[in-house]
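Understanding the architecture of this molecule
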Amino acid sequence: AFYQVAMVLDTTYAVELPSAYTQWTQAFDWLGELDLRKLVVSGDCLFLDFRTELIATSVWPLALIFFIELLAICVFCLRVLVAKEKESTLHEALRDAVSAGAFYALPFTQLVIFLALPSISSTIFSVQSCEGFTYDDSSKHYYMRSQIEIRCSPSTTEHDELTALMWALAALWPIGGVVFVAVMLMIVRRHLVRGIDSTVVRANKFLHCEFKQRHAFWEAADLIRRTVLTGWVLLIPNESSFLRLIVGFFISVSYAVLLVAVRPYLSSWNQHIATGAQALLSMLFFGAMLLRLYSDFSGYAGTSAAATSIMGFQSDNAIVGCMILTTIGMSVLLLIVLVSETLNKRAEAAANAKWSSLAVDPPTCSWIPNKKFACFLSHFKYEAASEARYLHDALTKMLRCPVFLDSTRLADLRLLFEEGVECSDVLVVLATRGVFTRPWCLLEIMYAIQCNVPVLCIGIMGQTLDVQETKRYIRHLETEMALVNPSGLALLREQTDGDLSLLKLCALGVLEAFLDSKCRPEFRPQLGDEALIADLKDIVEGMAKLTDRTIVWTDPGAEEQQMQLGTLWHWLPFSSCFWRETEAVAILAYVRDDCAAEAAVLRSAISKRTDRHVVELARGTAKRKLSSGVDGEPRRASLAGRLLRHLSSFSLDRESKRVDSLIVILTRHVLLEPVILNKVYQSICAGLPIVLVFLARGGGGFLEGGG
């Protein structure tokens, strides 16, 4: 589209470029004069005049569309006749076959219109593309560029007839074609918002798949812009051709600002490229205006010295040179932005993989997302913030593609739907006790169902969802939420225009599916690496089932081989000169069954901030209880004896000498582990700082545990 406008500067905008510039651009003129008709038949050999060529150019796509539609309808009707339907139902079957055949060929119809519309519109409006010639009596006459013997101004009968034909064909293509595409895309947008996967949506997928759901009609707006810049501006009189440049410049600048403000594209790459192209087009029009002014000043004064004194350019070649340098500079700047964004994303992905919350190397699969993200993690932060972060890192590592977690990617929660849910293959709901009481989680579920995004609920160990109680809460949502969260209820009514029936229906449907599921995926990070990997595989396979995928797991053999090679490297001579082991920043002591997810997230966050690893001192659940009386004394004595045995063999271990601090997560059983108490004693003796971490979610039971 950019090059098409650039190539019609001389014919549409009456800007004559220097020959030194046009010599090396002639090889690309076919891009600016793209006419699909010329791929089928040569106009120079077949048509005798411009009128016949104009009619044929406008009619041949319609003939092609009619032929394909008729062929599809005949095929579907033939299937009905071969099936030998009963006479009573034959009429209805043939009527359905005609409708099915017409919709089946609709994608091809849209493709022909989309490809042919710009070139046909440019050909239609070329009736107004005229070139002026000055006579000896100082009068200036304009003649058609397409057929030079026809005079445009002063008007003639031949040109008036062509103008009438132009308006008739304009109603068919520049007006009718654009209106048809716009109406179809508006229907598509309405169906997408309502969650309807219709034939119209599938037929126009290539027109709306790159845009956000609410901006599914954007391709029609861009089509209007292109037809205006290459066709409609020719309606401005030839005597005021400079006004065409001004209109083109303001349209390009306004469209670039609109792109930045609205950001209609799903992909940031497409957004940057579209904005950069509009910036380039704006600079092109600005340079063309300078070139036109230089030419007019030189023509009025009879010499280029006057134009040089006014504008400062020595020649028109200098202006074109500045245009070329500006275009190259802006293209390089755009390339730098794209490369920088790509490198930043790769660096972030590498850091996340290096310091992932999932310490083990899990099996991987090739999940190619249909959208931007493989899944969207919907969760109640107070109940499952750490589990969501842990699951995010684990799934990212296993799927090898992005996973959306709102706390990491958005500052404005109101963009959750467009930037997150709509751009994800699956919505994964962490089904904790209170997730269905949160307004944003309910809205995410409703919006996912509207966007045809499948929903998968997974259980969280220790946070079991009471499905029946939650269903009762959803049925009486207005009453229940008004008592405990009136601001949340106001938010729901604001987002749903006061009608919560669809939201309640979607939530109840998800709960029913979760209740009826024979194999519910569950996330249990407290049970160790093997159980964790099994849970993650169940979750991924549940996502694959909802999206009709087949998962092929790949064991982490390559990573293990690299680790073995790294181990062998230590035995090579002078390996210490090349291989330096990074010192740990801290020792993290915790009880796995109390806070496995929180510890994994904390370890990952510290490593990412410091770029150093954290040594884990993880113990299993201590099933002992400290109590008073006869039963409690033996347990106290046993614990004290085990602790004394550890302390009697006290010596500073290697980790304690090389780390900066000891981090202890205070939970119910942490001070019942002799190994952890021994590590605390060693740190005190070594003067190592001790950082105590208190869990905000219920305090981790530390105070209740008798610590």
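In this text, all values refer to a predicted model and were calculated from it rather than measured experimentally. (Residues numbered from 1 in each chain as written. Predicted model: local features only at pLDDT ≥ 70, side-chain atom pairs only at ≥ 80, totals over all residues. Heavy atoms only, no water.)

1. Focus on the packing of helix α13 (residues 241–262) against helix α14 (residues 268–301)
This is how the line gets drawn: Angles here are taken between N-to-C directions and fall from 0 to 180 degrees, while the axes themselves are lines fitted to C-alpha atoms, restricted in helices to the stretch in contact. Elements are defined by DSSP. Helices are runs of H or I of four residues or more, strands are runs of E of two residues or more, and each kind is numbered from the N terminus. Angular relationships are summarised with four words: roughly parallel below 35 degrees, roughly antiparallel beyond 145, roughly perpendicular across 65 to 115, and oblique for the angles in between. Handedness of each helix crossing follows the sense of rotation of the near helix against the far helix: counterclockwise by less than a right angle gives left-handed, clockwise gives right-handed. Any two residues whose heavy atoms approach within 4.5 Å are treated as being in contact.
Packing of α13 against α14 leaves a shortest axis separation of 9 Å and a crossing angle of 160°. Judged on the interaxial angle alone, α14 and α13 are roughly antiparallel. Taken as a pair, α13 and α14 cross one another with a handedness that is left-handed. Side by side, α13 and α14 meet where S241, F242, L245, I246, G248, F249, S252, V253, Y255, A256, L259 and V260 of the first sit next to Q271, A274, T275, Q278, L281, S282, F285, F286, A288, M289, R292 and L293 of the second.

2. Regarding the confidence of the model for the chain
Applicable threshold: Note: pLDDT gives the predictor's confidence per residue, expressed from 0 to 100.
Of all residues in the chain, 83% attain a pLDDT of 70 or more, and the chain-wide mean is 82. When pLDDT is averaged over each helix and strand of the chain, the minimum, 42, is found for helix α27 (residues 575–578) and the maximum, 94, for strand β5 (residues 424–431). This model gives residues 558–581 a pLDDT under 50, and the stretch forms 11 contacts once residues within four places in sequence are excluded. Below pLDDT 50 for its whole length, residues 622–632 participates in 14 contacts with residues either more than four positions away or in separate chains.

3. Section: the packing of aromatic side chains
Short version of the rule: Aromatic pairs are defined between Phe, Tyr and Trp rings, using the six-membered ring for Trp, whenever the two ring centres lie within 6.5 Å; interplanar angles under 30 degrees are classed as stacked, those over 60 as edge-to-face, and all others as tilted. Buried residues are those whose accessible area, probed at 1.4 Å on protein chains only, stays under 20% of the maximum for their type, while exposed residues exceed 50% and partly exposed ones sit between those limits.
Summed over the entire model, instances satisfying the criterion amount to 16 aromatic pairs. On the numbers, 6.3 Å between centres and 50° between planes, the contact of W167 with W232 is tilted. Taken together, the residues span a long stretch of sequence, with W167 in helix α9 (residues 157–194) and W232 in the loop between α12 (218–230) and α13 at a distance of 65 residues. A relative accessible area of 40% means that W167 is categorised as partly exposed. On the basis of relative accessibility, which here comes to 23%, the residue W232 falls in the partly exposed class. Considering the side-chain rings of Y390 and F523, the 5.8 Å spacing of their centres and the 75° angle between planes classify their relative orientation as edge-to-face.

4. Things to note about the state of the cysteines
A covalent bond between the sulfur atoms of two cysteines is what we call a disulfide. To keep it simple, the criterion reads: We call a pair of cysteine sulfur atoms a disulfide when they lie within 2.5 Å.
Per the counting criterion, the structure on display carries one disulfide. Shown here is the disulfide that connects C130 with C152, its sulfur atoms set 2.0 Å apart. Taking the sign of the S-S torsion, -85° for the link of C130 and C152, the bridge is left-handed. Here C130, found in strand β1 (residues 130–134), pairs with C152, found in strand β3 (residues 151–153); they are 22 residues apart in sequence, far enough to count as distant.

5. Remarks on the sheet that holds strand β7 (residues 522–523)
Stated precisely, the cut-off is as follows: Strands are labelled as partners when DSSP assigns at least two bridges between them.
Overall, parallel pairing links the four strands, which are arranged β4-β5-β6-β7 in an open sheet. Looking along the sheet, the strands with just one partner apiece sit at the ends: β4 (373–378) and β7. In the sheet, strand β6 (residues 455–460) pairs with β7 via two bridges, with the strands oriented parallel. Each residue of the ladder has a partner; that of I460, found in β7, is F523. The strands touched by helix α20 (residues 439–450) are β4, β5 and β6; relative to β5, the strand with the most contacts, the crossing angle is about 145°.

6. So, the environment of G329
As for its position among the elements, G329 is in helix α16 (residues 316–354). Among the residues examined, G329 registers a relative accessible area of 38% and is labelled partly exposed. In the structure, G329 is positioned 49 residues away from L280 in sequence and 9.9 Å away in space, judged by C-alpha atoms.

7. Remarks on the sheet that holds strand β10 (residues 661–666)
Spatially, four strands are ordered β9-β8-β10-β11 in an open sheet, and the strand pairing comes out parallel. What marks the edges here is a single partner per strand, and that holds for β9 (614–619) and β11 (690–694). Across this sheet, the average inter-strand angle for adjacent strands is 20°, counted without regard to direction. As judged from the five bridges shared by β10 and β11, these two strands associate in the parallel manner. In the sheet register, I663 faces β11, and the bridge partner there is V691.

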